[in-house]
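Geometric and topological summary
The chain contents come next:
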Amino acid sequence: MAITPTGSPAWCRQTSFTDYGGHLQKRNYMGLGVVNAQTDVGAEDFCRMTADLAALARTGSMWVITYECNDTSPAAPTINVVHGMTGVQLVSYEGDAPPTGFPSAARNGNGDVTFTFDASYEDEYGVDGTWEISTASAGVAATAAREPTCVISGSTVRVRVFDAAGAAVSDPVVTLEVG
Amino acid sequence: MTWGALSPLPKRLGGSAEEGWAPEQHARFCADLVAVKRTGPLARLFVTQDSAGPFAASVTAYRGQNGSGLIYAPAVTVNGAGDVTLTWPAYWTDDYERQSPLKIRHALPRASATAARFINHVISGRTVRVRSFDADGAAIASDFSLRVW
């Protein structure tokens, strides 16, 4: 019989160690602990595992994206690589034609892109979890001075890239991390 | 019923909240573990660089999925003032000594400074080259933190 996982997906940031099976009164059956580390998993091991996964789920990045702006011939940016909590995309795609479940991106101007994310995503079991963007940071792949800025607005993140003089940069390659 | 030390692996799902592992909890554990694995950084590290020639640089803190501590840190090559290349081993070895080729896909360096700095990177396979600049765009040595995926 199929089951529904406990709690909510990691990106909701509300998962407790108890959702993973941790319990403050966890104990080994009949008080007998591990007698053979090669074959046994003790309650102590298990409690550490559940607490540490809960810790990671609270702070893990939701998306890590590397993309390239198309400004010389103006077009939607090319998304080179995406690592998301809901999936990994190693084959590049155009920002206006994202694969299902991956963010879209639109060009606003030179070095100026807006990413749009879904308000919720499903995990492997079909459990829907809302996601609110809390942080965004970016870095520019370049050989000269470049600096990005990020602005979060609802389910979008707008990234702009400037040079040392404060002018917009054309065709930058950017890594964006969204939490 | 689970039998703890009286029963060898594989562990059977079920039992009480205090002594067992429910399938619903196991399913949530697996889904979330995969989620955080997908976006977890390969490593986060801190690099310092001398402000004067020959601009010696070193990794002073390293937390990596391959290990925590400087013995796991990438090799550092100084290309010039504010210009450092970090090179990871060709293969990643996990805790069970299984090896996989290592390729870096993303990098996010941030300067550690008391004045304005620009800091940029270039990824090439298992190397990340980081350059730092002052507010005028001139190369300058700068400490920085770096996350790579």
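A brief structural summary. (Residues numbered from 1 in each chain as written. Chains lettered and ligands numbered in written order. Predicted model: local features only at pLDDT ≥ 70, side-chain atom pairs only at ≥ 80, totals over all residues. Heavy atoms only, no water.)

1. Let's talk about the pattern of salt bridges
The condition is simple: Should a side-chain nitrogen of Lys or Arg be within 4 Å of a carboxyl oxygen of Asp or Glu, the pair is scored as a salt bridge. Under the DSSP-based scheme used, a helix requires at least four consecutive residues in state H or I and a strand at least two consecutive residues in state E, with every element numbered from the N terminus. Partly exposed describes any residue whose relative accessible area lies between the buried limit of under 20% and the exposed limit of over 50%, with all areas from a 1.4 Å probe on protein chains only and scaled to the type maximum.
Counting across every chain of the model gives 12 salt bridges over all chains. For Glu19 of chain B, the salt bridge identified is with Arg27 of chain A, shortest N-O distance 3.0 Å. With Glu19 of chain B in the segment before helix H1 (23-39) and Arg27 of chain A in the segment before helix H1 (43-59), this residue pair bridges two chains. Where Asp112 of chain A meets Arg160 of chain A, a salt bridge forms, and the shortest distance between an N and an O atom there is 3.6 Å. Taken together, the residues span a long stretch of sequence, with Asp112 of chain A in strand E6 (residues 112-116) and Arg160 of chain A in strand E11 (residues 156-163) at a distance of 48 residues. The partly exposed category is assigned to Arg160 of chain A, whose relative accessible area is 25%. Salt bridges here are not isolated pairs; linked through shared partners, they connect Asp112, Arg158 and Arg160 of chain A.

2. Some points on H1 of chain A
Residues lying three or four places apart along an α-helix face the same way, a consequence of the helix completing one turn every 3.6 residues. Spelled out, the test is: Working rule for helices: expected span equals 1.5 Å times residues minus one. The arc refers to the directions leading from the helix axis to the C-beta atoms. Residues count as neighbours in contact if any of their non-hydrogen atoms are within 4.5 Å of one another.
A rise of 1.5 Å per residue sets the reference length of H1 of chain A, with its 17 residues, at 24 Å; its end C-alpha atoms lie 25 Å apart and thus fit the reference within 8%. Residues Ala43, Phe46, Thr50, Leu53, Ala54 and Ala57 of chain A constitute the buried set of H1 of chain A. Mapping the buried residues of H1 of chain A onto a view down its axis gives an arc of 100°, with all of them on the same face. Opposite its buried face, H1 of chain A presents the exposed residues Glu44, Arg48 and Thr59 of chain A, each directed more than 90 degrees away. Where the residues of H1 of chain A are buried, they touch H1 of chain B.

3. Concerning unusual backbone geometry
The omega torsion of the bond from Gly53 of chain B to Pro54 of chain B falls at 10°, within 30 degrees of zero and hence cis. Secondary-structure assignment places Pro54 of chain B in the loop between strand E1 (43-49) and strand E2 (57-64). Phi at Asp171 of chain A takes a positive value of approximately 55°, unusual for a residue other than glycine. Inspection of the secondary structure assignment puts Asp171 of chain A in the loop between E11 and strand E12 (173-178). Of note, Phe55 of chain B is a non-glycine position whose phi angle comes to about 60°, a positive value. You can see Phe55 of chain B is positioned in the loop between E1 and E2.

4. Looking at the pairing of strand E9 (residues 117-124) of chain B
Each regular strand carries side chains that alternate between the two faces of the sheet. Residue and element names in this part refer to chain B. For clarity, the threshold we go by: Pairing between two strands requires that DSSP report at least two bridges joining them.
Note: E9 against strand E10 (residues 127-134), eight bridges, orientation antiparallel. When the bridges of E10 are listed, Ile119 appears paired with Ser132. The hairpin formed by E9 and E10 contains two residues between the paired strands, and Gly125 there has a positive phi angle of roughly 60°.

5. Section: the nonpolar core
A general feature of soluble globular proteins is that nonpolar side chains tend to end up buried together. Using the following cut-off: Buried residues of nine kinds, namely Ala, Val, Leu, Ile, Met, Phe, Trp, Tyr and Cys, make up a nonpolar core once their side-chain atoms join them within 4.5 Å.
With 39 residues, the main nonpolar core has Trp63, Tyr67, Phe115, Phe117 and Trp131 of chain A as its most contacted residues. Put simply, the parts of the chain that give this core at least two residues each are H1, strand E1 (63-70), strand E2 (75-84), E6, strand E9 (136-141), E11 and E12 of chain A together with H1 of chain B. Beyond its immediate sequence surroundings of up to four residues, Phe117 of chain A is in contact with Trp63, Ile65, Pro103, Trp131, Ile133, Ser155, Val157 and Val178 of chain A. Counting 21 residues, the second largest nonpolar core, distinct from the first, contains Val84, Trp88, Leu146 and Val148 of chain B.

6. A closer look at the packing of aromatic side chains
What counts here: Side-chain rings of Phe, Tyr and Trp (the six-membered ring for Trp) are treated as a pair once their centres are within 6.5 Å; stacked means planes under 30 degrees apart, edge-to-face means over 60, and tilted covers the remaining angles.
Applying the stated rule across the entire model yields 10 aromatic pairs over all chains. Judged by centre distance (4.6 Å) and plane angle (75°), the ring pair of Phe46 of chain A and Trp21 of chain B falls under edge-to-face. Linking Phe46 of chain A in helix H1 with Trp21 of chain B in the segment before H1, this pair reaches from one chain into another. The same class applies to Phe46 of chain A as to Trp21 of chain B, namely buried.

7. As for the sheet that holds E2 of chain B
All names here are of chain B. In space, the five strands of this open sheet follow the order E3-E2-E1-E11-E8, with antiparallel pairing throughout. Sheet topology places strand E3 (67-68) and strand E8 (107-112) at the edges, where each strand pairs with a single neighbour. Bridge analysis of E8 against strand E11 (residues 143-148) gives six bridges, and the strand direction is antiparallel. Residue pairing in the sheet places Pro109 in a bridge with Leu146 of E11.

8. Focus on the environment of Ser134 of chain A
All names here are of chain A. Among the secondary structure elements, Ser134 is positioned in the loop between strand E8 (128-130) and E9. Separated by 21 residues in sequence, Ser134 and Ser155 place their C-alpha atoms 9.9 Å apart. Here Ser134 is in contact with Ile152 and Gly179, once residues within four sequence places are set aside.

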